[in-house]
Amino acid sequence: MNDQPEPLRRASSVARGSNRGRLVEVLRRQGPLPRVELARSTGLSFPAISAITSKLIAEDVLREAETETGAPTPWPDDTDDEDPDQLNGRRRGRPAVLLTLNPEFGRVIAVSVRMNLIETLIADFSGSDLAQSRLELTTRALDAKALCDLVIAQIDAMLATTDTPRHRLLGIGIALQGIVNADTGRHLWSPALSITDVDLAKPIRDAFGVEVVMANDAVAVALALAASEPILAEGLAATIMVGHGVGMGVILDGEARWGAGAGSEIGHVKLALNGPQCRCGQRGCIEAYLADYALYRDARTFLDLPPAVSQQPSEAQMALLRERALGGDPRLAHLFRIAGRALAEAVAATISVLRPHHLILAGPGLQAFDMMRAAYEERLEQAVLPWLLKSTTIYVRPSESATIVDGMVLRTLRVVDRNHMETTD
């Protein structure tokens, strides 16, 4: 007896069997390909590729795209079931038929919950954005039921905006600022919320009958950056995100492979036992010197700046702070130098412990990197062994909060693709 809801059964069929899932993943990563290239990329035989793609086309998972133009292909018209290696060059010169994911097969929704902001994005099966919304509110005023109801309402609004029936929804991704158990779907702690240890996945799964994928927001940013720059999807990559807080996402070969372990609270590594107050309740954390709220809080001790909602400055308030600093105020220059040293400590700890191939500094807080650079570089040289520092390539990629939902779309689609992969074709 199969008691899965209809939408979940439909999503599961996408990746039924490891070969089907592998093929879908290749098309999602590389874009439209002829069957022969799918055979090369997946390692499957041409007859196997022909059989699998025929089934997926019949199920509306794949479709044939416009044929390639230009140089003739060395392979046959790949609608044939014959193995190209056995055709000895017969019928050469026909253009290959490209196969691509059918964007209308279904849709996924990504939600980002951050301090005073909930962003929602709906994308089609190919990963293309269809609609997005931003809801500003006092997130720390929400209890568990209000938070779940609000997220459900935002998802329903996205479905309505795009005329997407519920049975076309394949999966939902939720990214949270703070500590998330991605394996169980529980939010453990977040500075954006006053509630702790809440199961967010189950109520949303019950409401829509689809897979709910959860991740730390820094993991989502890491995935989005790796998708935009293929070099970052090679080997071990750590992304330190600086903005409302300071967090880290770790991915291997472009994927978050370690579930709950893929997110790290690097911002709560201590620099001083009796340092400034951190939002986590402790003192002297890296975040207490580097995050937006820390910089704005300290600047307000000597500047006439408007108060921040829930002690979290808005994007406009942080832009004002940067503008004042660029105007030459030496007190603000001092704050950003301290922030630069704190950023160097986060980088030093990451390199010394993980030795990643790539380390990416991302997030809206990096818009002020030029004001941190000198102090950051000086402290980094002091804090890391030279041969270790040379083993990691460091990138600076200031990014907006919308990068989070972009990454969660990718994460959710990958989980949908791989669902129910235990059997083979």
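Residues numbered from 1 in each chain as written. Predicted model: local features only at pLDDT ≥ 70, side-chain atom pairs only at ≥ 80, totals over all residues. Heavy atoms only, no water.

**Some thoughts on the overall build of the protein**
Defined as follows: Numbering goes from the N terminus for both helices and strands, where a helix is a DSSP run of H or I of at least four residues and a strand is a run of E of at least two. Accessibility here uses a 1.4 Å probe with only protein chains present; expressed as a share of the type maximum, an area under 20% marks a residue as buried, one over 50% as exposed, and anything in between as partly exposed. Methods summary: accessible areas were calculated by the Shrake-Rupley approach with a probe of 1.4 Å, and residue burial reflects only the protein chains presented.
A count of helices and strands for the protein gives 14 helices and 16 strands. For the protein, with 425 residues in total, the buried portion stands at 54%. Element-wise, carbon and sulfur atoms account for 51% of the exposed surface of the protein, whose accessible area totals about 18,100 Å².

**Observations regarding the nonpolar core**
We apply this condition: Only buried Ala, Val, Leu, Ile, Met, Phe, Trp, Tyr and Cys residues count toward a nonpolar core, and they belong to the same one when joined by side-chain atoms within 4.5 Å.
In terms of nonpolar packing, the biggest core is built from 48 residues, with Leu-23, Leu-38 and Phe-125 touching the most fellow members. Counting residues in hydrophobic clusters, the runner-up holds 46 residues, among them Tyr-293, Leu-295, Ala-342 and Ala-348.

**A look at the sheet that holds strand 14 (residues 263–264)**
As a reminder of what qualifies: A strand pair is defined by DSSP finding two or more bridges across the two strands.
Spatial ordering of the open sheet is given by 14-13-12-15-16, a layout of 5 strands whose pairing is mixed. Lying at the two open borders of the sheet, with one neighbouring strand each, are strand 14 and strand 16 (393–397). Note that strand 12 (residues 236–242) and strand 15 (residues 358–362) share 5 bridges and pair parallel. The residue of strand 15 that forms the bridge with Ala-238 is Leu-359.

**Here's the deal with the packing of aromatic side chains**
This is how the line gets drawn: Between the rings of Phe, Tyr and Trp (Trp by its six-membered ring), a pair exists once the centres lie within 6.5 Å; its type follows the angle of the planes, with under 30 degrees stacked, over 60 edge-to-face, and the other angles tilted.
Under the defined criterion, the tally for this structure stands at 2 aromatic pairs. Ring plane angle 70 degrees and centroid distance 5.4 Å describe the contact between Phe-369 and Tyr-376, whose orientation is recorded as edge-to-face.

**Focus: the sheet that holds strand 10 (residues 198–199)**
Here we have 3 strands laid out as an open sheet, ordered 8-9-10, and antiparallel in their pairing. Two strands lie at the open edges of the sheet, namely strand 8 (179–181) and strand 10, each paired on one side alone. As defined by bridge partners, strand 9 (residues 186–189) adjoins strand 10 across 2 bridges and the pair is classed as antiparallel. Considered in strand 10, the bridge of Arg-186 is made with Asp-199.

**Examining unusual backbone geometry**
Positioned with a positive phi, Asn-116 is a non-glycine residue whose angle comes to about 65 degrees. Here Asn-116 shows up in the loop between strand 4 (107–114) and strand 5 (117–124). The class of Asn-116 is buried, set by a relative accessible area of 12%.

**Thoughts on helix 5 (residues 144–161)**
Within an α-helix, residues lying three or four positions from one another point in the same direction, as the helix has 3.6 residues per turn. Inclusion rule: Expected span of a helix, by definition, is 1.5 Å for each gap between consecutive residues, and there is one gap fewer than residues. By definition, residues are in contact when any of their heavy atoms lie within 4.5 Å.
Over its 18 residues, helix 5 runs 26 Å from end to end, which matches the ideal 26 Å to within 8%, given 1.5 Å per residue. Those residues of helix 5 that fall on the buried side of the exposure criterion are Leu-147, Cys-148, Leu-150, Val-151, Ile-152, Gln-154, Ile-155, Met-158 and Leu-159. In this fold, the buried residues of helix 5 make contact with strand 4, strand 5, strand 6 (129–136), strand 7 (169–176), strand 10 and helix 6 (201–208). Directly after helix 5, the chain includes Asp-163, whose backbone phi takes a positive value near 55 degrees.

**Here we look at the confidence of the model for the protein**
The line we're drawing: Confidence scores per residue from the predictor, reported as pLDDT, run from 0 to 100.
Here the protein averages 86 in pLDDT, while 86% of its residues score no lower than 70. Low pLDDT, under 50, characterises residues 1–17; the stretch is placed with 50 contacts to residues that sit more than four places away or in other chains. Across residues 69–82, confidence stays below pLDDT 50; counting only partners more than four residues off in sequence or on other chains, it has 37 contacts.

**So, the pairing of strand 13 (residues 246–252)**
Note on strand geometry: in a regular strand, side chains alternate between the two faces of the sheet. Most of strand 13 is tucked away: 6 of the 7 residues are buried. The sheet contact formed by strand 12 and strand 13 spans 7 bridges and is antiparallel. Pairing of Ala-238 across the sheet is with Val-250, part of strand 13. The antiparallel hairpin formed by strand 12 and strand 13 contains 3 residues in its connecting segment. Here strand 13 runs beside strand 14; their pairing, made up of 2 bridges, is antiparallel. Bridging from a neighbouring strand, Gly-249 pairs with Gly-263 of strand 14.

**Section: the environment of Thr-161**
Counted only if it meets this: Two N or O atoms count as a polar contact when they lie within 3.5 Å, although within protein this holds only if one can serve as hydrogen donor and the other as acceptor, and sequence-adjacent residues are included solely when both atoms are side-chain atoms.
Along the polypeptide, Thr-161 turns up in helix 5. Separated by 39 residues in sequence, Thr-161 and Ile-122 have C-alpha atoms that sit 9.6 Å apart. Polar contacts involving the side chain of Thr-161 include one to the main-chain carbonyl oxygen of Ala-157, which spans 2.8 Å.

**Digging into the side chain of Arg-279**
Along the chain, Arg-279 falls in the loop between strand 14 and helix 8 (287–290). For Arg-279, the side chain forms a polar contact with the main-chain oxygen of His-244, separated by 2.5 Å. Separated by 2.9 Å, the side chains of Arg-279 and Gln-312 make a polar contact. Filtering out sequence-adjacent residues up to four positions away, Arg-279 remains in contact with Met-115, Gln-177, Trp-189, Pro-191, His-244, Gly-245, Glu-287, Tyr-293 and Gln-312.

**Examining the pattern of salt bridges**
Selection criterion: Should a side-chain nitrogen of Lys or Arg be within 4 Å of a carboxyl oxygen of Asp or Glu, the pair is scored as a salt bridge.
All chains considered together, the criterion is met by 19 salt bridges. For Arg-134, the salt bridge identified is with Glu-315, shortest N-O distance 3.7 Å. Of this pair, Arg-134 sits in strand 6 while Glu-315 sits in helix 10 (residues 315–326), and the two are 181 residues apart along the sequence. The shortest N-O distance in the salt bridge between Arg-166 and Asp-156 comes to 2.9 Å.

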